[in-house]
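Listed below, chain by chain, are the residues.
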Amino acid sequence: MASSEEDGSVEEKENNNKKRTKSALATAWLTFYNIAMTAGWLVMAVAMLRFYIQRGTHMGLYRSISRTLKFFQTVALIEVIHCAVGMVRTSVIVTGVQVCSRIFMVWFITNSIKQIQNEESVVLFLVVWTVTEITRYSFYTFNLLNHLPYFIKWARYNMFIVMYPLGVAGELLTIYAALPYVRKSGMFSMRLPNKYNVSFDYYIFLIIVMLSYIPLFPQLYFHMLRQRKKVLHGVVIVEKDE
Amino acid sequence: MKHYEVEILDAKTKDKLCFLDKVEPNATIGEIKSMFHKSHPQWYPARQSIRLDPKGKSLKDEDILQQLPVGTTATFYFRDLGAQISWVTVFLTEYAGPLLIYLMFYFRVPFIYAPKYDFTTSKHWVVHLACMCHSFHYVKRLLETLFVHRFSHGTMPLRNIFKNCTYYWGFAAWMAYYINHPLYTPPIYGEQQVRMALIIFLFCQIGNFSIHIALRNLRPPGSKTRKIPYPTKNPFTWIFLLVSCPNYTYELGSWLGFTVMTQCLPVAFFTIVGFVQMTVWAKGKHRSYLKEFRDYPPLRSPILPFVL
C-alpha cells in the first residue's frame, strides 16, 4: 500500500515535470518562431526600401519581393496550429480567418493576376502589412522574453488606427483593379454544363468578397479599439491576441 | 408546514429583483419562475435561467425547493436567456423552407433560369425522382416534428431561427438550382447509379424513421426522462448495438444516396457540412450517455460503427 502511494506521488511529479518541460519547449519554439517572422518581414521591408531608393519607381517592386512575401505569409498558417494545440490562447477561428484572408490576397489576387502587380494599391497594402507584422511579431517576441519595451506596446496598440483603414483601402483597390482581368480571362471559374453540376464565377465571388468588408471591417476595428482602451488605459491583464 | 422565503438576484449586478414570501416547500423551480414572471412580465419563464450560484448551472424546472441545498430563505440568481422561440416553430419553419424552395426551382418559376425555360420541366427522369425524394424527406421531417419527436427543451434562443433557416434554405436553393437547371448533366453511370442511390436513400429514410420511433417510445408522453436506447424487434434498430446516434448515421446515408443520385457537387458539400455538425452532436450525446449511465454498452461509437 505504502509503495503504491509512493508510486502515485512519483507519477504526479513526473507529470508535473512533463508539463513544465512541455511549456518550456512551447515557449522556446514560439520565441524562435516570432523572431524568425520578425526577421522575415524586416528583410522584406529593407528590400522594398532599397528597391524604391535605387529605382525611384514602384514598378517591379512586387516581383522583387514576391517570393519572400509568399513564403512568410504562407508560413503564418502555423499560427492556426498554435491556437489549435493550445500553445497560444486565441480562438482558432479568428486566427484562421485572418491568415486565410492574407493568403487569399497573396495567392489568389496578386500572384494570379499579373496585370495588377504594379498597381499603387499593391504597394500600399504591402507597406501596411510589413509595418503591422514587424510590430506584431516583435511584440510577441518581447512578451515571451518578458521584456516588453513600452514603445513596442505603444506601436502595437496605436499604429492600427491608421494602418488598418489604409490596409483595407489597399486591398479593396487591388481587388477592384483586378476585376476586368478576371472577367476577361474567366479564371478560377467553372460553367455549366459539367459532370459535377456546379458552377462558380470568380468575378461575382470577388464582388461578394469586397462587399463583405463592409460588415466585417467595422467589427474588427472597434474590437481593436476596445482592446486598446483596456490595455493602455485600463488594468493591464494577460495579453489577448486580436 | 414551514414556508420558505425566496429572493431572486440578478446574476451579473446582484440587484434584488424579486422577493417571494410564503413559498411552499414542495414548490418547483417552474412554479417559482411563474411567480417571478408575474412581477417581471417581460421575462416569461422560458427565458429565465435560475441558478444557485451566479456562474453555476441552470436549475431544472422540475427541481423541488426543499430538496435544494438552501436554507428557509433561499437566494437564487437570475440570468436572462434572451428572446426564446419554441423548438417546434423553428423545426417547422426550417423544414418548410427547403420543401417549397426546391419545388420553385423544380417547376422553374420565372426569374431563376432563362425566360425560355419558365415553367418547363427537366427532360431527365432522374430530376423528377430527385424532386420526389427531396420533397419526401422534408415532408417526413415536418410530420415527425408534429407527431413523433418528444422535445427535452421547449424553447431555444430566437436568433437560432435566423441561423438555422439561412443554412437549410440557402443550401436547398443552391442544390435545387443545379439539379433543376436546363444544363443539368445526369449521372455518368446512368440507370445503375440512380437505382443504387435510390435504394440507399430509401433504406436510410426507413432506418432514420425507425430510430425516431424507437427513441419516442423510450419516453412516456409529457416526460423528459432519459433512458439508454436498445435494439427492438425492428431490424433497422439493430444498429443501436454499434452506434449511439443511429438517426444521424441514417441521415448521413440518406444524403450520400441523394448525392450519388444527383451527382451534384453542392449536394456533396451539404452532406459533408451536415455530417460534421451531426458528428459534433453525436459525440456530445455519446459523452452524456456515458456520464449518466454507468452500464452504457462499451461497444458503441457515437455515429460511425467502430470509426467515429
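Here the structure is a predicted model, which is why all the values come from computation and not from measurement.

(A) Seen up close, helix α6 (residues 150-158) of chain A. Among the residues making up α6(A), those that are buried are Ile152(A), Lys153(A), Ala155(A), Arg156(A), Tyr157(A) and Asn158(A). Residues of α6(A) that are buried in the fold lie against α5 (120-144), α7 (160-185) and α8 (202-233) of chain A.

(B) Seen up close, the UniProt feature "transmembrane region" (unreviewed entry) in chain B. Residue and element names in this part refer to chain B. According to UniProt, the positions carrying the feature "transmembrane region" (unreviewed entry) are residues 85-107, 166-184, 196-215, 235-250 and 256-281. What you have in residues 85-107 is 87% helix and 9% strand, and the ends, taken at the C-alpha atoms, are 33 Å apart. Along residues 196-215 one finds 100% helix and 0% strand; the C-alpha atoms at either end are 29 Å apart.

(C) Structural detail: the packing of helix α2 (residues 87-106) of chain B against helix α4 (residues 159-179) of chain B. Residues and elements named next belong to chain B. One way to put it is that α2 packs onto α4 with a least axis distance of 9 Å and a crossing angle of 20 degrees. By the angle between their directions, the pair α2 and α4 is classed as roughly parallel. Where α2 crosses over α4, the two elements pack in a sense that is right-handed. For the pair formed by α2 and α4, the contact residues are Val 90, Thr 93, Glu 94, Tyr 95, Gly 97, Pro 98, Ile 101, Tyr 102 and Phe 105 on the first element and Ile 161, Asn 164, Cys 165, Tyr 168, Trp 169, Ala 172, Ala 173, Ala 176, Tyr 177 and Ile 179 on the second. Among the residues making up the contact of α2 with α4, the classes are represented as 15 nonpolar, three polar and one charged.

(D) The pattern of salt bridges, seen in detail. For the structure shown, the criterion picks out 10 salt bridges over all chains. A salt bridge links Arg47(B) to Asp80(B); its shortest N-O distance comes to 2.8 Å. Of this pair, Arg47(B) sits in the loop between α1 (29-39) and β3 (48-51) while Asp80(B) sits in strand β4 (residues 73-80), placing them 33 residues apart in sequence. Between Lys140(B) and Glu144(B) there is a salt bridge, with the nearest N and O atoms lying 3.2 Å from each other. With a gap of four residues between them, Lys140(B) and Glu144(B) both fall in helix α3 (residues 125-147), about one helical turn apart. Each member of the pair, Lys140(B) as well as Glu144(B), is classed as buried. Via salt bridges that share partners, Glu79(A), Arg102(A), Glu133(A) and Arg136(A) belong to a single interconnected network.

(E) Looking closely at the sheet that holds strand β1 (residues 4-10) of chain B. Residue and element names in this part refer to chain B. Spatially, the four strands line up as an open sheet ordered β2-β1-β4-β3, and their pairing is mixed. A strand with exactly one partner marks an edge of an open sheet, and here the two such strands are β2 (16-23) and β3. On average, each strand axis in the sheet is tilted by 25 degrees relative to the strand beside it, whichever way the strands run. Across six bridges, β1 lies against β4 in parallel orientation. Residue Leu 9 lies in a different strand from β4, and its bridge partner there is Tyr 77. Across the sheet, α1 lies against β1, β2, β3 and β4, angled at about 125 degrees from β2, the strand it touches most.

(F) The interface of chain A and chain B, seen in detail. Of the residues lining the interface, eight residues belong to chain A; the matching set on chain B comes to 12 residues. Across the interface of chain A and chain B, roughly 850 Å² is buried in total on both sides, 59% from carbon and sulfur atoms. Three residues stand out in chain A for area buried against chain B, namely Leu192(A), Lys195(A) and Asn197(A), and they jointly supply 59% of the buried area on that side. Joining chain A to chain B, the criterion identifies zero salt bridges. Linking chain A with chain B are six residue pairs in polar contact (both at pLDDT 80 or more). Partitioning the side of chain A that touches chain B into residue classes produces four nonpolar, three polar and one charged.

Criteria and cut-off values
Residues numbered from 1 in each chain as written. Chains lettered and ligands numbered in written order. Predicted model: local features only at pLDDT ≥ 70, side-chain atom pairs only at ≥ 80, totals over all residues. Heavy atoms only, no water. Buried < 20%, exposed > 50% of the residue type's maximum accessible area, 1.4 Å probe, protein only. Helix = DSSP H or I, 4+ residues; strand = E, 2+ residues; numbered from the N terminus. Contact = heavy atoms within 4.5 Å. UniProt positions renumbered as here; feature names shortened; annotations may be inferred. Axes fitted to C-alpha atoms, helices over the stretch in contact; angles between N-to-C directions. Parallel < 35°, antiparallel > 145°, perpendicular 65-115°, else oblique. Left-handed = near helix turned anticlockwise from the far one by under 90°. Nonpolar A, V, L, I, M, F, W, Y, C, P; charged D, E, K, R; others polar. Salt bridge = Lys/Arg side-chain N within 4 Å of Asp/Glu carboxyl O. Pairing = 2+ DSSP bridges. Buried area = accessible area lost by both parts, 1.4 Å probe. Polar contact = N/O pair within 3.5 Å; in protein donor to acceptor, adjacent residues only side chain to side chain.

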